[in-house]
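Commentary on secondary and tertiary structure
Here are the chains, one letter per residue:
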Amino acid sequence: MSAPHDEPVATDPSTLFPTKYLPSPQVRDLPAPPLNQWRFVGPGIIAAGVGLASGEFILFPYIASQIGLGFVWAALLGLITQYFLNMEIERYTLATGETAITGFSRLWRHWGLVFAILAYFANLWPAWVTSSGTLFSYLFGGSPSIIAIVLLVLVGAILTLAPVVYNALERAQMLKVAAVVLLLVVGALFAVGGAWADVPRIATEAQFPAAELGFATLMGALAFAGAGGGQNLVQSNWIRDKGFGMGSYVPKIVSPLTGEPEARGRVGFVFAPTASNLEHWRGWWRFANREQLWTFVLISFLSIVFMSLLAYATVFGNPDVTNDISFLKVEGNVLMERVGTWFGYFFWVVGAVSLFAAALGIVDYTSRLAADVLKTMYVPDASESKLYAGLVWGLALIGIIVISAGFSQPIVLAVISACVGGVMMFIYSGLLIVINKKMLPAAIRIRGFRVGALVWSVLLFGVLAVLTVIQQAGKLFGG
């Protein structure tokens, strides 16, 4: 990719950025891409690790238990859509060191606040940790609620005591992915059995079983395979803390107790489209695309395929399974009967660790997103690390209060939570086209089929948002 002839390389790229709400970014050279690329692999693994939650362990396997393997194709379509979405989020951060949300805030001051509030609505109710507590109770007995409270305290401690928060999160998600891979290998050897012969049905019997399972449920499974909602936006923060591109100039979030905080400015850095910088850009862009494809997409897809195949091999047609955490109890018990007690417990151990790691990532990305917004737009003199730590413990404390009091989720919050993901992704799919076409130098702007991919994303998540809002409004108003 070379600089267009109509844009001289000496053009000041900082003049492309709106300055009504934020100053222009500083101009610096783009650092060279890494020679040892393995050292920079990680953000895609975090995305896969955080995303491997109830959808991959419950929803897709539940669908396979009801109609077979004919809907697994939807996971690949959803993941490819999110791949292109994630890469446009990464494009802006690679080029500027700013998060995509900061880019949105250059268009309208309060876009970041809107997304932070929506992310909190999605994650305020602590179902993401009670699921892990329930699985641990299958293993060790005890009260799922007490276990969930202990897990919340552990989440808060890990995210606020680690000297560099990103490093702790990356290690936790790598451990989770390793555990899931081990489950895949052991399960392939001992549990799947004759179901391997039915794998071609993923393609030959592809279907969209709306009559059996509901259109909105299937659209949600397709759209949120792998990640979804606010998680995709925080890909910006994760690659910045890893040191991708212009993000290498931006300080990391650290523990206010054990780390060494550095001051971060409100805005990032942009490079002039010189021959040297564009050569560096091509290296970073190739690496970022490969890292996301071979970690986030591949790990997520293989996990969904295997978990669906395992459910198909063990509980297909079982009338006792339901689309909630109890699905894993039924499946674990069947695995004990068919393979051995050891494998049923191994299945629950991996599930419990995986859902805990997902909870760790959910608290991180919700708090990271909000801290970035507050620091950039509302309290620029505050320490982002301290804001982050306060938000982490705030979310954990809310969860502890809710679980301790035994509250059931209010219907209004349940409805809002269900609607948030599709609405967020519909909005920011469109905003990404705007910032990546208007604010970046011409040589590195989004173009061609990648624009088409984001238009598809706008349509997909727009349809999902409308369907979900209609469905949830019926629950709220008794329709």
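Since this is a predicted model, take the numbers as computed values, not measurements. Per-chain numbering applies: the sequence of each chain, read as written, is numbered from 1 onward. Per-residue local features are limited, in this predicted model, to residues with pLDDT of at least 70; the limit for side-chain atom pairs, both in listing and counting, is 80 or more; totals at the level of whole chains, interfaces and linings are taken over all residues. Excluded from the side-chain calculation are hydrogens and water; included are all heavy atoms of the structure.

Considering the nonpolar core
Membership of the largest hydrophobic core comes to 151 residues, with the highest contact counts inside it found for Phe104, Leu233, Trp238, Tyr428 and Leu432. Under the scheme used here, helices are H or I runs from DSSP no shorter than 4 residues and strands are E runs no shorter than 2 residues, and both carry numbers assigned from the N terminus. Broken down by element, the residue count for this core peaks at 19 residues, all from helix α14 (residues 275-315). Any two residues whose heavy atoms approach within 4.5 Å at even a single point are treated as in contact. Setting aside chain neighbours within four positions, we find Leu432 in contact with Leu85, Glu88, Ile89, Ala100, Phe104 and Leu454. Joining through side-chain atoms within 4.5 Å is the link that ties buried Ala, Val, Leu, Ile, Met, Phe, Trp, Tyr and Cys residues into a set, and such a set is a nonpolar core. Buried means the residue's accessible area, taken with a 1.4 Å probe over protein chains only, is under 20% of the maximum for its type, while exposed means over 50%, and partly exposed covers the values in between.

Considerations on the packing of aromatic side chains
Aromatic pairing here means that ring centres of Phe, Tyr or Trp (its six-membered ring) are within 6.5 Å. Orientation follows from the plane angle: under 30 degrees is stacked, over 60 is edge-to-face, and everything else is tilted. Here the structure, examined in full by the defined rule, presents 25 aromatic pairs. Aromatic side chains Trp281 and Trp285 sit 5.7 Å apart centroid to centroid with 10 degrees between the ring planes, which places their arrangement in the stacked category. Linking Trp281 with Trp285, this pair stays in helix α14, spanning four residues, or about one helical turn. In this structure, Trp281 and Trp285 share a single accessibility class: buried. Seen in terms of ring centroids, Phe343 and Phe346 are 6.1 Å apart; in terms of plane orientation they differ by 55 degrees. Their pairing is tilted.

Thoughts on the pattern of salt bridges
Salt bridges are defined as contacts in which a side-chain nitrogen from Lys or Arg sits within 4 Å of a carboxyl oxygen from Asp or Glu. Using the criterion set out here, one finds eight salt bridges in the structure. For Glu205, the salt bridge is made with Arg201, and the minimal N-O distance between the two is 3.5 Å. Among the residues examined, Glu205 registers a relative accessible area of 41% and is labelled partly exposed. We classify Arg201 as partly exposed; its relative accessible area is 33%. Across the pair Asp372 and Arg240 runs a salt bridge, and its minimum N-O distance is 3.7 Å. Here Arg240 lies in helix α13 (residues 235-242) and Asp372 lies in helix α16 (residues 341-378), a separation of 132 residues in the sequence. The class of Asp372 is buried, set by a relative accessible area of 2%. On the basis of relative accessibility, which here comes to 5%, the residue Arg240 falls in the buried class. Connected through salt bridges with shared partners, the residues Asp198, Arg201 and Glu205 form a single ionic network.

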